[in-house]
Amino acid sequence: MTVAENAVTSKVITQWNQKILFDILDTIHDVVLVIDSDTTIVYANKAYAEMLGVPVPKVLGRRLDMIEPEAALTQVQRTGEVLHNRRSYLSSLGIDVVGSAFPLYEDDKVIGSVGVFKNMSEVVRLTEELRHTQGVADYLQEQLNERDALPASFQEYIGQNSGLREILLLAAKVARTDSTVLIRGESGVGKEVLARAIHNGSRRSSKHLIKVNCAAIPENLLESELFGYEEGAFSGAKKGGKMGKFELAQGGTIFLDEIGDMSLSMQAKLLRVLQEREIERVGGDKTIKLNIRVVAATNKDLDKMMDEGTFRRDLYYRLNIVPLTLPPLRERKDDIPALAGYYLNKYGQQLDNPALTLSRAALNLLQAYDWPGNVRELQNVLEHAAILAGGKYIEPQHLPAHLQGEGEHAGTVPERPSRLKEAVSAIERELMVSALKNANGNRSQAMRALGISRRAFYDKLKLYNL
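Throughout this document, residue positions are counted from 1 along each chain, in the order its sequence is written. Under the rules for a predicted model, residues below a pLDDT of 70 receive no local features and side-chain atom pairs below 80 are neither given nor counted, while totals for whole chains, interfaces and linings still include all residues. Excluded from the side-chain calculation are hydrogens and water; included are all heavy atoms of the structure.

Draft legend 1. Broad picture of the overall build of the protein chain. Each helix corresponds to a stretch of at least 4 residues labelled H or I by DSSP, and each strand to a stretch of at least 2 residues labelled E; elements are numbered beginning at the N terminus. Along the protein chain, the regular secondary structure elements total 22 helices and 16 strands. Contacts are assigned to residue pairs that have any heavy atoms within 4.5 Å of one another. In the protein chain, once contacts between residues fewer than 6 apart in sequence are set aside, the share between residues at least 24 apart is 62%. Computed with the Shrake-Rupley method and a 1.4 Å probe, the accessible areas treat only the protein chains shown as cover for residues. Accessible surface for the protein chain amounts to roughly 25000 Å². Of this, 52% is attributable to carbon and sulfur atoms.

Draft legend 2. Local environment of the pairing of strand β1 (residues 31-36). Taken across its 6 residues, β1 has 5 buried, putting it largely inside the fold. A pair of strands is treated as paired once DSSP finds two or more bridges between them. The sheet contact formed by β1 and strand β5 (residues 109-119) spans 6 bridges and is antiparallel. Note that in β5 the partner of V32 across the bridge is V116. Pairing analysis gives 3 bridges linking β1 to strand β2 (residues 41-44), with the strands arranged antiparallel. The residue of β2 that forms the bridge with V34 is Y43. In textbook terms, the turn of a hairpin is the stretch between consecutive antiparallel strands, and for β1 and β2 this stretch comprises 4 residues, one of which, T39, has a positive phi near 70 degrees. The cut-offs for exposure are 20% and 50% of the maximum accessible area for each residue type, with area from a 1.4 Å probe on protein chains only; residues under the lower value are buried, those over the upper are exposed, and the others partly exposed.

Draft legend 3. A look at the environment of V181. Relative to the helices and strands, V181 resides in strand β6 (residues 181-184). Separated by 115 residues in the primary sequence, V181 and A296 have C-alpha atoms spaced 6.2 Å apart. Ignoring sequence-local partners within four residues, the contact set of V181 consists of V174, I198, R293, V294, V295, A296, L319, V322 and L324.

Draft legend 4. Structural view of the pattern of salt bridges. For this document, the term salt bridge refers to a Lys or Arg side-chain nitrogen within 4 Å of an Asp or Glu carboxyl oxygen. Per the stated rule, a full pass over the model turns up 20 salt bridges. E278 is the salt-bridge partner of R272, the closest N and O atoms lying 3.2 Å from each other. Here E278 falls in the buried class, since its relative accessible area comes to 12%. Overlapping salt bridges, with partners in common, bring together E156, E192, R196 and K211 in one network.

Draft legend 5. Structural detail: the sheet that holds strand β13 (residues 293-298). The parallel open sheet is built from 5 strands, whose spatial order is β7-β10-β13-β6-β14. Either end of the sheet is taken by a strand with one partner, and the two such strands are β7 (209-213) and β14 (322-325). The mean inter-strand angle of the sheet, taken between neighbouring strand axes irrespective of direction, is 20 degrees. Structural elements are reduced to axes, namely lines fitted to C-alpha atoms, with helices fitted over the stretch in contact, and the angle between N-to-C directions of any two is expressed from 0 to 180 degrees.

Draft legend 6. The packing of helix α21 (residues 443-450) against helix α22 (residues 454-463), seen in detail. Running from N to C, α21 and α22 point in directions that differ by 105 degrees, and their axes come no closer than 10 Å. With respect to α22, the axis of α21 lies roughly perpendicular. Here α21 contributes R443, A446, M447 and L450 to the contact with α22, which in turn contributes R454, F457, Y458 and L461. Residues of the contact of α21 with α22, tallied by class, amount to 6 nonpolar, no polar and 2 charged. We call two directions roughly parallel when the angle between them is under 35 degrees, roughly antiparallel when it is over 145, roughly perpendicular when it lies between 65 and 115, and oblique otherwise. Charged residues are taken to be Asp, Glu, Lys and Arg, nonpolar residues to be Ala, Val, Leu, Ile, Met, Phe, Trp, Tyr, Cys and Pro, and polar residues to be all remaining types, Gly included.

Draft legend 7. Molecular detail of the confidence of the model for the protein chain. The predictor's confidence in any single residue is recorded as pLDDT, a number from 0 to 100. Confidence along the protein chain averages 81 in pLDDT terms, with 87% of residues attaining 70 or more. Long-range and interchain partners of residues 1-12, a stretch whose pLDDT sits below 50, account for 16 contacts in this model, where long-range means more than four residues apart.

Draft legend 8. Structural view of unusual backbone geometry. Unusually for a residue other than glycine, R277 sits at a positive phi of about 55 degrees. Its place among the elements puts R277 in the loop between α13 (264-276) and β11 (278-280). The residue W371 is not glycine, and still its phi comes out positive at about 55 degrees. Topologically, W371 is positioned in the loop between α17 (360-368) and α18 (374-388). What makes W371 buried here is its relative accessible area of 0%.

Draft legend 9. Quick peek at the environment of A175. Relative to the assigned elements, A175 resides in helix α9 (residues 162-175). In this structure the C-alpha to C-alpha distance between A175 and R203, which are 28 residues apart in sequence, comes to 8.3 Å. When residues no more than four places from it in sequence are discounted, the contact partners of A175 are F154, I198, G201, S202 and R293.

Draft legend 10. Fine view of the pairing of β13. By the criterion of burial, β13 is predominantly enclosed, with 6 of the 6 residues buried. Burial of β13 is two-sided: the residues R293, V295 and A297 facing one way and the residues V294, A296 and T298 facing the other way are all buried. Pairing analysis gives 4 bridges linking strand β10 (residues 253-257) to β13, with the strands arranged parallel. The residue bridging I254 from the neighbouring strand is V294, located in β13.

Draft legend 11. The nonpolar core, seen in detail. Counting 32 residues, the largest nonpolar core has L226, F246, L256 and I259 as its most contacted members. Taken together, the elements giving at least two residues each to this core come down to β7, α11 (219-227), β10, α13, β13, α14 (302-308) and α15 (313-319). Residue contributions to this core peak at 5 residues, all from α13. With 25 residues, the next largest nonpolar core counts L329, Y369, V381 and L403 among its residues. Take the buried residues of types Ala, Val, Leu, Ile, Met, Phe, Trp, Tyr and Cys, join any two whose side-chain atoms come within 4.5 Å, and each joined set is a nonpolar core.

Draft legend 12. Broad picture of the sheet that holds β1. Ordered by their spatial adjacency, 5 strands build an open sheet running β2-β1-β5-β4-β3, and the pairing between neighbours is antiparallel. The outermost strands of the open sheet, each flanked by one partner alone, are β2 and β3 (83-90). Looking at each pair of strands side by side, their axes are set apart by 30 degrees on average, direction ignored. Looking at chain direction, strand β4 (residues 95-106) and β5 are connected through 10 bridges and run antiparallel. Looking across to β5, one finds that Y105 is bridged to V110. Docked against the sheet, helix α7 (residues 72-79) engages β1, β3, β4 and β5, running at close to 160 degrees with respect to β5.

Quick look at the structure:
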């Protein structure tokens, strides 16, 4: 069937009462426009005026190709092609329309064309608004995701507790700068882990992170450890001298742990380093310029120490540019299941028992405990339990006695006999934890209570990751 056989012809129109035909067309909500062979507009219905805001008499007799050269109706008149659901922009009216157009034939000759279309400007506007709104929503979601996402260097820090996350997000921001950072928190909360994350998330990550435990180094050796020394500076000094920790950290980060244990005289020397960014080796007179980032940490109450005169206020203000206070484990017990899962997987792999899982009763005990030793104590408790457990589940009897309450289950024989070395290590670790707990974290008191030397004490702290 040809297009001519399908088309409406002028002969059909003449058979209708013209008024009836126009009444029908005027009831249509879409615009109906008819042009003749030279594109002169010969008919427009009421919808034309209502929708486009142009009175019908104003357009009748005008040539469409002069008004809208690219109009679909003009194209149909020129080619004889039928167009369906074609979107067009009418530049003369500044609107978007969509509709269909088809030719009118008399015999095989195109004598005009009819277009039926509707104004889509409001739909287009709403679509653009929707697209814009979606774009804004996507942007805000990206910002929210970025806000809640921690860099890879911080993934070592396990936990979703809201208080902890706020601190980690702030730490991630400051990691990108060279600002001095002071990390505060109780012993065992993970201050060194955070310092490492800050360094690894900084532009200095390719350089060294040098760690100094200010409490572990005797006062008379701390200065030479930090600043280095020249040959002959003191009895026993190495030939050629030695670089100090500050020099070793050039281009990178120096982590000064237990800064609250530093003497007032060393505090004064550290203050000068922070102010001048330069040092002199012990026994030397050459000034060495420093390019380092300083991260300090303490479990001491520096505010109280300043009031007592045992910590310098000027040093505190130099260190406390970006303070980060890590919450103790007792304030983030919702993280205990995730932490336990991580450490049990680690120790299970080491002990060839990778399926290790906490029983509900054991988990309840862990969450009921106040954890004075924080995450470090949890870590040790879980390693102790992993050694004693003989099967898949860690039960209450595998936990240290002080977690079980009033000595209940104390002295229980493990389901699987341990090797002597493992059992001795577990007991020694438990004694270290107990001594530190009884001394409220004071290492000197714990050391005296255990009756061991400073060196042996710190060797065991390192061995048991206390």
